Structure formats: C-alpha cells, structure tokens
Amino acid sequence: MSSITTRDAPRGFTASEYMTCLTGIVWREGLRFLHQRERFVSALVRPLVWLFIFAAGFRQVLGISIIPPYETYILYEVFIAPGLMAMIQLFNGMQSSLSMVYDREMGNMRTLLVSPLPRGFLLFCKLLAGTAVSLLQVYAFLIIAWFWDITPPLIGYLTVLPALILSGLMLGSLGMLISSGIKQLENFAGVMNFVIFPMFFASSALYPLWRVQEGSPYLYYVCQANPFTHAVELIRFALYGQINWVSLAVVAGCTIVFMIAAIYAYDPSRGLARRGPAGGEA
Amino acid sequence: MTSPAPMAAPQPTPQPDPAAVPALSIDGVSHSYGPRRALMDVSFNVRPASFTALLGLNGAGKSTLFSLITRLFGIQTGRIGIFGHDISRSPGEALRLLGVVFQPRTLDLDLSLTQNLLYHAALHGIIRREAAARSAELLARIGLADRAASKVRDLSGGQMRRLEIARALLHRPRLLLLDEPTVGLDVKARADIISHVRQLVTEQGIGVLWATHLFDEIMASDDLVVLHQGKVLAQGPMNRVITEAGAQDVNTAFMRLTGAQVMPGGGA
C-alpha cells in the first residue's frame, strides 16, 4: 500500500442501480434502432427476399418429408421460416458487433466502459439490448410471413420467445467476441465471408439435415457441430410449442461460453489493452 | 521533480487526513504497446479543488494515460488511485468519483441532448426522475436548456463540448478529466469552456486534470505536469516549474525541458 489511502468505504451497487443501468442501455439501443430506419428495412428485406424468391424457386426442387416438429407435409417456405428468423438474429448479432467496433473507433464505447458498474454486467446489458432489437425484427418478419401462409399455431408466437432470446444472446455474444478481435471497421467484410455465410449455409436453415447427410456425410457432421444449426432447430421446435432438448443444451452451452469469452476479451487488463490506443494518438 | 508539500503528503496512516488524499494519484505508471514504450514511470498527483494542466506534445502519452485512468486499458505497472480508491482493485468506487471528457466526441448524434444525458445517468445507476431533474439543471447552466429536445447533430462544436462537460458532471464526480477539450473550437468557444471548467474548480471544489498542448490555456495559479515522450519532465505549481527551468514563461520553460521547437501562436 504505497501512496494510495482510502477515503470512503466502498458502498457497492444496489439492485436498483443495476436495473436502471440495464433499462437505460436497452432504451438507448432501442432509440438508436428507431433512428436507423434503413437498418430496420434491410433487416426485414433480407429474409423476405429469401422467403418470396428463393423459397418459391426451390419449392419444386426440394421435397420435404414429414419430420418433427411438423405433423404434415409442409411447403418449403414453412420449412425455411425458422432458419430465416435465426438469420435475422445472426445478422443483427454481427451488426451489433460491427457497431461496437464503430463505437470503439469513434469513442462512444468509452462512455459505456467508464460506467462504474462491473464491466461484465455492462456487456451483458449491451447483449440483452441487441437481442431485444432482434426480437422486434423477428416479430415484424413473422407478421409479414403470416400473410404468406406461414401460420404456426398462435401459442407458437409465445413459446418461440424464450428460444429467440436465447439464440439472440448466443449470436450476439459471438458477435461481441468477434468484435473484440477486429482492429478496424474495414475488417468487417471478412466477418461476412468467414462467419455469416458459412454459419448460415452449413446449417439446417435451408435444408433438413437428413438431405445433407444423403449428399455429403462430412458436411452433415459440420452442420451438426454448427451452433447456428441448433439455434435454428431450437426456434423451429419452439415455434410449434415443442422443445428440442439437444439444441437447447447446445445453444445454452454456447451462449455461456461465448459470453464468458467476450467479457474476458473486453477485460481492460487483457483484450483491449493489447491493441494500442483506440481512437486518437497515444 | 519533487512534489509540493500537499501533493506529496499522503502516508499510509490508519486515519488519513481527508484533505491529504489526492483527487488523483498516479504512482510509478509505465505502459508499453508491444515494444513501444508509451509511458515510463509516470508519477504525479492532482489535488482536490485544483486545476492541473497536463502539458505535452501530441504523442507524449497523454491519451494513453487517460485510457489507463479510465480503465480502458489495464495497468501494466504502477498504481492509479482516485480519492484513494485503487482503480484496479475497486474500479466501481473509483469510476463513480470520476467524470471524463474524451478527446474524440462521444455523443450519440441522432439522440437529443436530454436523451444523451439520461443515457449517461442510467449508466451510473441514477434513477430516471433524478436524472431528468439533474439534466434540466445542467442544460440550463450551460445555456442549452432551449435545445434540450434537439438532436445533438444540430449543435456547434463548442456546444457539443459544453454538453459533454455537463454529461461528465451528471453523476457529481469530484475529479474531472479533460483530454484536449478545446481542439477544433473557435476562440470564443475555447474561452467559454476554459472559464466554465475553472469555475467548477473554485465553486464546486472539483479536481481537474486538463490535458493540453496549448500554453495559453494554463494560468499562473495552476499546477503543471510536463509530459514528454512518456516521461514526466517537471511538475508542481506553474511558477516553480518555470523558475526551476530557468525560464521567464511557460513556452520557454517547456522548450528548455523538452528541447522541442515551439510553434508560433502559443502551441507546442
């Protein structure tokens, strides 16, 4: 204990302070989202293009047999809807990470990180806020999809909510983890090529895994190991009021791992410190 | 290089004299980016209710030091304390007493002035009603009450800076850091901001650390820390630093200490 003597006893933080902080971060993220109408529109147009054009074209090519959770033969559109919901969250998670890199370059990240509340908690709030935004996007998509004859049972709209929260957190924390490793905004194109596309295509979003297995057993294993596959399946089953326990376990496990890793990477004594001065000269 | 009596005072006594606890104490801090050494054994204190100017050229290590104090980087060597709270061991208590104005603008341009302030208040756990009251009060003080609902994007550079200072004061910190806050502002806006911050020191007893490379922002009554290439070359009351450097004014003193060429117009 050299020259540092304590003046005030530490008083810690109350539950109300934590709640105020959480609601404040979610509120700000929501406001920012409302101000970025282009982001909302493109978040909706992307899955709708897949639904209206891609699915319509592929309907005749891919026959879907009766697989759980579906109880009858279904149209291809119905099959890919959960995959597209997960895709919305995948893009949103990566976009949140993009905005974190941007915030870090522009300095906005600093206002968050100088909050006295524990940094892990701040990042968790940020993840919840990003997930909340993805929920708005997914439900907007579901409303439009309903007019396109994608009509899961009404209760499904409710039971899918916890699944969406969990998958949103998983993809958000993956994005946050990636953002901690990106030095510059320009590197984000690499994320598209090396994260979003492989995750999306090597999954059960566009085709049932038994069909993948027929084509290539190796790809099947890759798909099985892809956490995104399990996010899709978790959402698919939840949308029909069922639980896919394996997917739930994988998604929950990955969420915990990614989140801990992301919080670790944003720890000042480890992650950011190694990358030199952020925004401005030394 | 010795500190004046009130700054060097704190001893590890069981009952520290509150007046002796520095607002900010930097103690043997070094920092490297890989092989490049940005700070070398930096030590100085900022007294409560004092204006301390951290003078250095671009690249002297001012921003690195700010990043360490605000916990954006982890401390590699040394210690930093804010009113006696070690920022590595009790960051929450330390950051609560700290307000910061960073050099790059850190406002949400698309949100209103009030929204920016409320967000900051939330980050400090200040409940909404209290936050709204404080925001209104601070906006009135910086003369932007009538702009409360406008977007920050529509403000001038000087107004944005004033808003950032108001934001940094929202949680009532006792130490305020400002990293070259007047960069890019016109003469009038600069003068406004400097006098506003000096008022905070005299009227509210806030300790201020003001990083700058502009000599004319420093006054005779200030404490001065001269940082050059990561090292503290001189520190203490400005007059003493000048005398000890055998100079007549701060420009010459700085030039003698660093061997740097001083640009015409009072900037380094």
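Residues numbered from 1 in each chain as written. Chains lettered and ligands numbered in written order. Predicted model: local features only at pLDDT ≥ 70, side-chain atom pairs only at ≥ 80, totals over all residues.

**Here we look at the sheet that holds strand β7 (residues 175-179) of chain B**
Residues and elements named next belong to chain B.
Okay, step 1: Within the open sheet, the six strands sit side by side as β6-β7-β8-β3-β9-β10. Their pairing is mixed. Of all strands in the sheet, those with a lone pairing partner are β6 (98-101) and β10 (231-237), marking the two edges. When strand polarity is set aside, the average angle formed by the axes of neighbouring strands in this sheet is 15°.
Okay, step 2: Bridge analysis of β7 against strand β8 (residues 207-212) gives five bridges, and the strand direction is parallel. Bridge assignment links D179 to a residue of β8, and that residue is A211.
Okay, step 3: Strands in contact with helix α2 (residues 62-69) are β3 (51-55), β7, β8 and β9 (223-228); relative to β7, the strand with the most contacts, it is inclined by about 145°.
Okay, step 4: Its contacts with the sheet put helix α9 (residues 250-258) on β3, β9 and β10, and the angle it makes with β9 is roughly 35°. (Pairing = 2+ DSSP bridges. Helix = DSSP H or I, 4+ residues; strand = E, 2+ residues; numbered from the N terminus. Axes fitted to C-alpha atoms, helices over the stretch in contact; angles between N-to-C directions. Contact = placed C-beta atoms within 7 Å.)

**Let's talk about the UniProt feature "domain: ABC transporter" (unreviewed entry) in chain B**
Okay, step 1: UniProt's feature table lists "domain: ABC transporter" (unreviewed entry) at residues 24-254 of chain B, given in the numbering used throughout.
Okay, step 2: Helix makes up 35% of residues 24-254 of chain B and strand 27%. Its end C-alpha atoms lie 23 Å apart. (UniProt positions renumbered as here; feature names shortened; annotations may be inferred.)

**Comments concerning the confidence of the model for chain B**
Detailed reading of the predicted model is not advised wherever pLDDT is low.
All names here are of chain B.
Okay, step 1: Here chain B averages 87 in pLDDT, while 90% of its residues score no lower than 70.
Okay, step 2: Predicted confidence for residues 263-268 stays below pLDDT 50, and this span has 14 contacts to residues more than four positions away or in other chains.
Okay, step 3: Taken together, the chains of this predicted complex give a pTM of 0.83 and an interface ipTM of 0.82. (pLDDT = per-residue confidence, 0-100.)

**Overview of the pairing of β9(B)**
Residue and element names in this part refer to chain B.
Okay, step 1: With six of its six residues buried, β9 lies for the most part within the structure.
Okay, step 2: Neither face of β9 is open: one carries D223, V225 and L227, the other L224, V226 and H228, and all of them are buried.
Okay, step 3: Relative to β9, β3 is paired through four bridges, and the arrangement is parallel. Paired with L54 across the strands is V225, a residue of β9.
Okay, step 4: Between β9 and β10, which pair antiparallel in sequence order, lie two residues; one of them, Q229, sits at a positive phi of approximately 45°. (Buried ≥ 20, exposed ≤ 12 C-beta atoms within 10 Å, placed from the backbone.)

**As for the sheet that holds strand β2 (residues 36-46) of chain B**
Residue and element names in this part refer to chain B.
Okay, step 1: The strand order across the open sheet formed by four strands is β2-β1-β4-β5, and the pairing between neighbours is antiparallel. Bordering the open sheet on either side are β2 and β5 (85-86), each of which pairs with just one other strand.
Okay, step 2: Across two bridges, the pairing between strand β4 (residues 77-82) and β5 is antiparallel. Residue pairing in the sheet places I82 in a bridge with H85 of β5.
Okay, step 3: α2 rests against β1 (24-33), β2 and β4 of the sheet, and its axis sits at about 65° to β2.

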